[in-house]
Amino acid sequence: EHPQMIIKGFRKASLLATKRLKEMEVGVDALGEGDNGRRLLLERCAATALNSKLICRNKGFFAPMCVDAVESLGSDRNLKMIGIKKITGGSVTDST
């Protein structure tokens, strides 16, 4: 195939994929959790991100901590303000 035809097909496929994703999206209100729905969704996202990490067994502990850290940033959302301090010994659940 000619490169322009491939690019045209790729662009059409990406538009169709984007349209389908928008049809599938679920808003926070759809969770039926009221004001807690946003936080619940954020904790689920954080837990999903922690699945592949060494601490995945403790994702129930760390997911809310991650959400607390990001929400404490305010509207700035400068993620460089969140730090992780590694301390030898102890347990991962000693974290605060």
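Remember, it's a predicted structure, so these values are computed and weren't measured experimentally.

1. Topic: the overall build of the protein chain
Here is step 1 of the chain: Each helix and strand counted, the protein chain has 3 helices and 0 strands in total.
Here is step 2 of the chain: Listing the helices and strands of the protein chain from first to last along the sequence gives α-α-α.
Here is step 3 of the chain: Relative to the globule expectation of 12 Å for 96 residues, the C-alpha radius of gyration of the protein chain, 20 Å, shows a markedly less compact shape.
Here is step 4 of the chain: Counting only C-alpha atoms, the protein chain reaches 60 × 35 × 30 Å along its principal axes.

2. A look at the nonpolar core
Here is step 1 of the chain: Grouped together as the largest cluster of nonpolar side chains are 6 residues: Ala46, Ala47, Leu50, Phe62, Ala63 and Val67.
Here is step 2 of the chain: Among the secondary structure elements, those contributing two or more residues to this core are α2 (36–50) and α3 (59–71).
Here is step 3 of the chain: For phenylalanine 62, the contacting residues outside a window of four places in its chain are Leu50, Ile55, Val92 and Ser95.

3. Examining the packing of aromatic side chains
Here is step 1 of the chain: Following the criterion strictly, the structure yields 1 aromatic pair and no others.
Here is step 2 of the chain: Summarising the aromatic geometry, the rings of phenylalanine 61 and phenylalanine 62 are spaced 5.0 Å apart at their centres and angled 85° between planes, so their arrangement reads as edge-to-face.
Here is step 3 of the chain: On the accessibility criterion, phenylalanine 61 (31% relative accessible area) is partly exposed.
Here is step 4 of the chain: Looking at phenylalanine 62, the relative accessible area reads 10%, which means it is buried.

4. Focus on a nonpolar patch on the surface
Here is step 1 of the chain: Residues Val70, Leu79 and Ile82 make up a contiguous nonpolar surface patch of about 230 Å² in total accessible area.
Here is step 2 of the chain: Relative to the helices and strands, isoleucine 82 resides in the segment after α3.

5. Examining the packing of α2 against α3
Here is step 1 of the chain: Where α2 meets α3, the axes come as close as 8 Å, and the angle between the chain directions of the two elements is 120°. Here α2 lies oblique to α3, going by the angle between them. Crossing handedness for the pair α2 and α3: right-handed. Touching Arg38, Arg39, Leu42, Glu43, Ala46, Ala47 and Leu50 of α2 are Lys59, Phe62, Ala63, Pro64, Cys66, Val67, Asp68 and Glu71, all from α3.
Here is step 2 of the chain: Of the residues that constitute the contact of α2 with α3, the class distribution is 9 nonpolar, no polar and 6 charged.

What counts and how
Residues numbered from 1 in each chain as written. Predicted model: local features only at pLDDT ≥ 70, side-chain atom pairs only at ≥ 80, totals over all residues. Heavy atoms only, no water. Helix = DSSP H or I, 4+ residues; strand = E, 2+ residues; numbered from the N terminus. Rg over C-alpha atoms; globule rule 2.2 N^0.38 Å. Core = buried A, V, L, I, M, F, W, Y, C linked by side-chain atoms within 4.5 Å. Buried < 20%, exposed > 50% of the residue type's maximum accessible area, 1.4 Å probe, protein only. Contact = heavy atoms within 4.5 Å. Phe/Tyr/Trp six-rings, centres within 6.5 Å; stacked < 30°, edge-to-face > 60°. Patch = residues over 30% accessible without salt bridge, like charges linked within 9 Å, V, L, I, M, F, W, Y side chains within 5 Å. Areas by Shrake-Rupley, 256 points an atom, 1.4 Å probe, with all protein chains shown as cover. Salt bridge = Lys/Arg side-chain N within 4 Å of Asp/Glu carboxyl O. Axes fitted to C-alpha atoms, helices over the stretch in contact; angles between N-to-C directions. Parallel < 35°, antiparallel > 145°, perpendicular 65-115°, else oblique. Left-handed = near helix turned anticlockwise from the far one by under 90°. Nonpolar A, V, L, I, M, F, W, Y, C, P; charged D, E, K, R; others polar.

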